[in-house]
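Observations on chain architecture
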Amino acid sequence: MSVDVVIPYKYRKFLDEELSLIKTVYPEINEVVMIRKPNSKYYLTLNKIDIVKNSSSQKIILMDRAKPSQIINLMRETRKEIIDRILLILEIFAQHAGSKEAKLQIELAKLKHQLPLIKETIRYAKLGELHGFLGAGRYGYEKYYRMMREREARIRRELEKLRSIRSRRREHRRQMGYPHISIVGYTCAGKTTLFNRLTHNLKPAGPEPFTTLSPKSSAIIIDGLKMILTDTVGFIRDLPHEIIEAFYATLEEIIDSNIIIHVIDASKSSEAIIKEMVETRRIFERIGVHGIPIIIALNKIDLLNSEEEIMDKIRLVEKYIDGNNVIVPISAINGKNIRYLLNVLKEIIRGYSIENLRSKIWSQTRQR
Ligand SMILES: Nc1nc2c(ncn2[C@@H]2O[C@H](COP(=O)(O)OP(=O)(O)OP(=O)(O)O)[C@@H](O)[C@H]2O)c(=O)[nH]1
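Everything numeric here is computed off the predicted structure, so don't read it as measured data.

This paragraph deals with the environment of S353. Checked against the element boundaries, S353 lands in the loop between α12 (338-349) and α13 (354-367). By relative accessible area, S353 is classed as partly exposed at 32%. It is 9.0 Å that separates the C-alpha atoms of S353 and N324, two residues lying 29 residues apart in sequence.

Written out as structure tokens, the structure is:
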């Protein structure tokens, strides 16, 4: 099924990234419409409405947040289904949801996101403004709304139960005294590939975003030192706060880590890398990551053309880190520098200071 895409002008620099997100669910994109200033009633301006109205697609992907009233008006005007950016991300999550917890979290986020829209639909129905398309009747919507609220309460209770089981499991791990390492980073940075390399596990790793949805942990032993490694869900630029909240249990693991491995795709442009560093820091602040040593795994160096290019990327990232961070350039796919990475992990766990480590790594990197 082909779709039309509406992208606010502010995202023009990330057009490729936004389109690749969409393509993971809807491979066939028909029209791409850029919007400078949304129309207060329809979100789209009237001449842009004509473009999507006359296209052959049945759905419009609106890569922004729109008011419920704007969505309903646009649906009425175009007679097409509207999927906004949050719903799209939830659809991508749903494609990869493995655990029961992840599935419930997605459903909860979806319900929470749709409730205001249903409420607005009821308001319109009460005003008698929804004839024909969307005009399923006020009582139908009210019943649906009540059902959704009940389902929401049930999911919350279930999630609470699952969360406490998981925190008991974490507590157990802590009591066993094993250090906990979380692998975090943007979607498609190579987290799962690195996790697989470090644990020799076989987990799905693919070019499409969000291959990892529920936290997966595995024990690894480096020179007799046992530690627990966890692969986490991928971050996304402008991650909607509704999703942060819904995925709190997943991200919770990060706060409890002794060390964080932040995987960055070094083959991206400098601008994209800086944006990701800044955004990741914001996410860390939001979920309460403080004082945890962070290893920046500058991944995919096999895609860079020369040692100089690798050094350039290291220098770039260095400008955005603090004293608690150390950079290790790696290739998760061919294993380059993985031994360095393991050594750094080991040294941090043994109490080696990041400052000392940093100069050691630098000299090793230069000698390669
Ligand atoms: N060239 C190259 N490709 C890599 C490397 N590491 C990962 N990839 C590729 O990058 C893509 C994404 O890798 P994943 O490991 O699934 O990425 P992820 O960060 O776990 O992604 P999400 O689960 O979506 O958050 C896959 O096609 C990998 O094969 C690397 O070191 N070099």
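Continuing now.
Once that is clear, we can look at the nonpolar core. Ranked by size, the top nonpolar core spans 28 residues in total, and within it L194, L198, I261, I295, I330 and L345 carry the most contacts. Setting aside anything within four residues of it in sequence, one finds L198 in contact with I220, L229, I261, I338, L341 and L342.

Under the criterion given, the structure shown has zero aromatic pairs. The lysine or arginine in question, K10, covers the ring of Y11, its NZ or CZ lying 5.4 Å from the ring centre.

Enumeration according to the criterion identifies 17 salt bridges in this entry. When the shortest N-O distance is used, the salt bridge between E18 and R85 registers 3.0 Å. Placement of the pair is E18 in helix α1 (residues 15-25) and R85 in helix α4 (residues 85-96), with a sequence separation of 67 residues. R85 carries the same exposure label as E18, and that label is buried.

Rules and cut-offs
- Residues numbered from 1 in each chain as written.
- Predicted model: local features only at pLDDT ≥ 70, side-chain atom pairs only at ≥ 80, totals over all residues.
- Heavy atoms only, no water.
- Helix = DSSP H or I, 4+ residues; strand = E, 2+ residues; numbered from the N terminus.
- Buried < 20%, exposed > 50% of the residue type's maximum accessible area, 1.4 Å probe, protein only.
- Core = buried A, V, L, I, M, F, W, Y, C linked by side-chain atoms within 4.5 Å.
- Contact = heavy atoms within 4.5 Å.
- Phe/Tyr/Trp six-rings, centres within 6.5 Å; stacked < 30°, edge-to-face > 60°.
- Lys NZ or Arg CZ within 6 Å of the ring centre and 35° of its normal.
- Salt bridge = Lys/Arg side-chain N within 4 Å of Asp/Glu carboxyl O.

Functional significance is not addressed by these values, which are geometric in nature.
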